[in-house]
Amino acid sequence: AVATGGARALTSWVGIARLFAVVGGGLAFSLVASTGHFEGPYGGGCMFTWCFCFTVTLLVLLLELLELYPLLPLSWDDFTSAFSMLAALMVFTSSVVFPTTFISSPCSSNQCARQAVATAASCLCFLAYAVEVSLTRAKPGDVSSFLSTVPGLLKVFEAYVACLIFSLLDAYSGEPGLMWCVAVYSICFIFTFLIIIFTIGRCLTYIPCPLEKMLVGYNFLALLMYLTATVLWPLYSFRGRSRPDPCGTNCGGDKNLGVTFLTIFNLIAYGGDLVYSTRTVFVRAP
């Protein structure tokens, strides 16, 4: 059950998971900062992830401990569910990217040892957020907190994967097929992000049409659009281009391959989203 404030903010299972996330995140960025070796976009991104998740989780714990969160003009359960899902995805990414980028073999120096411990702490942090997501996930039939349901969590996943895609986009201008793919990623990200923000801000009730059916329609359109991108992106991005050997850390070929796989992940996510939302509207509706 979700902690309702006061002492339960620290003593409930969700509160304990958040404490582990704070410890893991704080340990990770402290150890990496002590090495002074986190240059470049990948190192900066990992440090931002650990600091951001540490700060927000600590703020969530304080607001629940002091029982101040009801004063905020937002849906607290939706906010905490969306954040824990986002944090789990961000920390998981950092737990993979950081060691592959900065830890070299053999690992014998003091700096490398600290980087290895930081990676272990990051993995602990990810597990803590994953546990929080599973503990706060809405039970079947409970729609009081949309972002804690499977479709709501998938919305956060879809938006995050789109952000990863944007970070990998390289040379796509001049190719109509690739520009269409970028338009697909952008349009779907904007609509999905707005759904998340409107849900947290309790603004969805002002939409003058049945929300559930609108979400089914949007998921269907997004699925079709991502289907075209899944076909067009690899077709145009790899056409007439061979992968250099060695490719290097900032290789366009690897970036295009990454975008291809992330596009497939989002295609699957929107497909699952459509199935869940369709079942909710057309099967369970009285």
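The text that follows walks through the structure, step by step, so that each part is easy to find. (Residues numbered from 1 in each chain as written. Predicted model: local features only at pLDDT ≥ 70, side-chain atom pairs only at ≥ 80, totals over all residues. Heavy atoms only, no water.)

### What to know about the overall build of the chain
Alright, step 1. If you tally the helices and strands in the chain, you get nine helices and zero strands.
Alright, step 2. When the helices and strands of the chain are listed from N to C terminus, the series reads α-α-α-α-α-α-α-α-α.
Alright, step 3. In the chain, which comprises 286 residues, the proportion classed as buried is 44%.
Alright, step 4. For the chain, long-range pairs separated by at least 24 residues make up 77% of all intrachain contacts whose partners lie at least 6 apart in sequence. (Helix = DSSP H or I, 4+ residues; strand = E, 2+ residues; numbered from the N terminus. Buried < 20%, exposed > 50% of the residue type's maximum accessible area, 1.4 Å probe, protein only. Contact = heavy atoms within 4.5 Å.)

### A word on a nonpolar patch on the surface
Alright, step 1. A cluster of nonpolar side chains, contributed by L10, L19, L58, L62, L65, L66, L68 and L71, occupies part of the molecular surface with about 680 Å² of accessible area.
Alright, step 2. Mapped onto the elements, L65 comes out in helix 3 (residues 40-65). (Patch = residues over 30% accessible without salt bridge, like charges linked within 9 Å, V, L, I, M, F, W, Y side chains within 5 Å. Areas by Shrake-Rupley, 256 points an atom, 1.4 Å probe, with all protein chains shown as cover. Salt bridge = Lys/Arg side-chain N within 4 Å of Asp/Glu carboxyl O.)

### Comments concerning helix 7 (residues 176-200)
Alright, step 1. The terminal C-alpha atoms of helix 7, which comprises 25 residues, lie 36 Å apart, in line with the 36 Å expected from a rise of 1.5 Å per residue.
Alright, step 2. Along helix 7, the residues classified as buried are G177, L178, C181, V182, V184, Y185, C188, T192, I195, I196, T199 and I200.
Alright, step 3. Two residues or fewer past helix 7, R202 is found with a positive phi of approximately 60°. (Expected span 1.5 Å × (residues − 1).)

### Here we look at the side chain of T199
Alright, step 1. The residue T199 is located in helix 7 in this model.
Alright, step 2. Judged by its relative accessible area of 7%, T199 falls in the buried class.
Alright, step 3. Once residues lying within four places of it in the same chain are set aside, the contact partners of T199 are S75, D78, F146, L147 and L204.

### Notes on the pattern of salt bridges
Where side chains of opposite charge bring their charged atoms close, a pairing between them can arise.
Alright, step 1. What the rule picks out here adds up to three salt bridges.
Alright, step 2. E132 serves as the salt-bridge partner of R18, at 3.0 Å between the closest nitrogen and oxygen. One end of the pair, R18, is in helix 2 (residues 13-35); the other, E132, is in helix 5 (residues 110-136), with 114 residues separating them in the sequence. E132 carries the same exposure label as R18, and that label is buried.
Alright, step 3. Ionic pairing is found between K155 and D273, a salt bridge with its closest N-O pair at 2.4 Å. Pair noted here: K155 is in helix 6 (residues 150-168) and D273 is in helix 9 (residues 252-283), with a separation of 118 residues, a long-range link. You'll find K155 and D273 in the same group, each marked buried.

### A short note on empty space enclosed by the protein
Alright, step 1. One pass over the full model with this rule turns up one cavity of 30 Å³ or more.
Alright, step 2. Reported here for the largest cavity is a volume of approximately 30 Å³.
Alright, step 3. R18, T57, V60, T80, F83 and E132 are the residues that line the largest cavity.
Alright, step 4. Broken down by secondary-structure element, the contributors of at least two residues to the lining of the largest cavity are helix 3 and helix 4 (76-102).
Alright, step 5. Grouping the constituent residues of the lining of the largest cavity by class yields two nonpolar, two polar and two charged. (1 Å grid on protein atoms, 1.4 Å probe; cavity = no way out; pocket = protein on both sides within 12 Å on 5 of 7 lines; lining within 4 Å. Points joined across faces, edges and corners; volume = space filled by probe spheres on them. Nonpolar A, V, L, I, M, F, W, Y, C, P; charged D, E, K, R; others polar.)

### A look at the environment of I197
Alright, step 1. With respect to the helices, strands and loops of the structure, I197 is situated in helix 7.
Alright, step 2. Among the residues examined, I197 registers a relative accessible area of 39% and is labelled partly exposed.
Alright, step 3. Linking I197 and D78, residues 119 residues apart in sequence, is a C-alpha distance of 9.7 Å.

### What to know about unusual backbone geometry
Alright, step 1. Positive phi outside glycine occurs at E67, with the angle close to 55°.
Alright, step 2. Mapped onto the elements of the fold, E67 is located in the loop between helix 3 and helix 4.
Alright, step 3. Phi at R202 is positive, roughly 60°, even though this residue is not glycine.

### Overview of the environment of Q111
Alright, step 1. Locating Q111 in the fold gives a position in helix 5.
Alright, step 2. Q111 sits 77 residues away from S34 along the chain, and the two C-alpha atoms are 8.7 Å apart.
Alright, step 3. Setting aside residues up to four positions removed in sequence, Q111 forms contacts with T35 and H37.

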